[in-house]
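Here are the chains, one letter per residue:
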Amino acid sequence: RLVLEGIHTYEGKGEPFREVRVLVESATPGLFSFSETGAGYESKELSFLGFVTLARETHFIALKQNGSQSTTSLEFEGNWQMMPLGEVVRYSVVSRSVYDSMGSIAPVKNTTECKVISASRAEDLHPTLQGVAKQHECRGLHDQYNQVLRAYFLQDYNYLVGIESSKSPFMYYSRRIT
């Protein structure tokens, strides 16, 4: 179980943020399924390392809407197994989304690159965590806002968790593991 708390800012309006993830690692290394609840939504997701969404179903409670996302193509570059300091790892994903209110959205290809910046003790993020936390700076190569995401790969858990994003006029967030 992973609990993240902080502030999420959308179109200039900051709101407290709390997300609870119940993680289940699959028999296939690196694949996680998790359920997540936050303000106004519930979701179930299958991901690679907790970071690359492979499939997701979301229920927007207040809107009484459902949405789903599925990956149709996935490519990796770089040393994802070791992630040495200074390494740049990339992934490109083509995903398809369907929402009750909008129907099917055309598949979109997005490429994200992450550079391994530093390594520290995972307990620096939260006292109950063990092992090494490798800090990553990630950028979506097609992101019109050029946001940078700071994330940590929790090596003992084989899980990458986003902690904060740089500010943009559209949205940004800052959170911590509680």
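Please read all numbers here as calculations on a predicted model, not as lab measurements. (Residues numbered from 1 in each chain as written. Predicted model: local features only at pLDDT ≥ 70, side-chain atom pairs only at ≥ 80, totals over all residues. Heavy atoms only, no water.)

Q: Help me out: how do you make sense of the pairing of strand 9 (residues 132-140) in this one?
A: Within a regular strand, the side chains alternate between the two sheet faces. Sheet topology places strand 8 (residues 103-121) next to strand 9; nine bridges connect them, and they run antiparallel. Bridged to Thr 112 within strand 9 is Gly 140. For strand 9 and strand 10 (residues 148-154), the ladder comprises seven bridges, and the chain directions are antiparallel. Bridge pairing in strand 10 links Gln 135 to Tyr 152. (Pairing = 2+ DSSP bridges. Helix = DSSP H or I, 4+ residues; strand = E, 2+ residues; numbered from the N terminus.)

Q: Help me out: how do you make sense of the packing of aromatic side chains in this one?
A: When we look at a pair of aromatic rings, we describe it by the centre distance and by the angle of the planes. This structure, assessed with the given rule, holds nine aromatic pairs. Seen from their ring centres, Phe 34 and Tyr 159 are 6.5 Å apart, and the 75 degrees between their planes marks the pair as edge-to-face. Here the residue Phe 34 occupies a position in strand 3 (residues 31-38), and Tyr 159 occupies one in strand 11 (residues 159-165), the gap between them amounting to 125 residues. Comparing Phe 34 with Tyr 159, the two get one shared label, buried. Members of the aromatic cluster, each reached through a chain of ring pairs, are Phe 48, Phe 51, Phe 76, Trp 80 and Tyr 91. (Phe/Tyr/Trp six-rings, centres within 6.5 Å; stacked < 30°, edge-to-face > 60°. Buried < 20%, exposed > 50% of the residue type's maximum accessible area, 1.4 Å probe, protein only.)

Q: For this particular structure, what's the right way to read the state of the cysteines?
A: Simply put, the disulfide is a covalent bond whose two ends are the sulfur atoms of two cysteines. Counting across every chain of the model gives one disulfide. Across the disulfide from Cys 114 sits Cys 138; the S-S distance is 2.1 Å. Its S-S torsion of approximately 115 degrees makes the covalent link between Cys 114 and Cys 138 right-handed. Of the two residues, Cys 114 is situated in strand 8 and Cys 138 in strand 9; the sequence distance between them amounts to 24 residues. Comparing Cys 114 with Cys 138 shows no difference in burial state: the two are buried. (Disulfide = S-S within 2.5 Å.)

Q: Teacher, can you tell me more about unusual backbone geometry here?
A: At Leu 49, a residue that is not glycine, the phi angle is positive and equals roughly 60 degrees. According to the relative accessible area criterion, Leu 49 is buried, its value standing at 4%.

Q: Help me understand the pairing of strand 2 (residues 13-25), please; the structure alone is not making it clear to me.
A: As paired elements, strand 1 (residues 2-10) and strand 2 share nine bridges and run antiparallel to each other. Within strand 2, the residue paired with Leu 4 across the bridge is Glu 19. Note: strand 2 against strand 3, six bridges, orientation antiparallel. Looking across to strand 3, one finds that Leu 23 is bridged to Phe 34. In textbook terms, the turn of a hairpin is the stretch between consecutive antiparallel strands, and for strand 2 and strand 3 this stretch comprises five residues, one of which, Gly 30, has a positive phi near 90 degrees.

These figures come from the coordinates and say nothing about function on their own.
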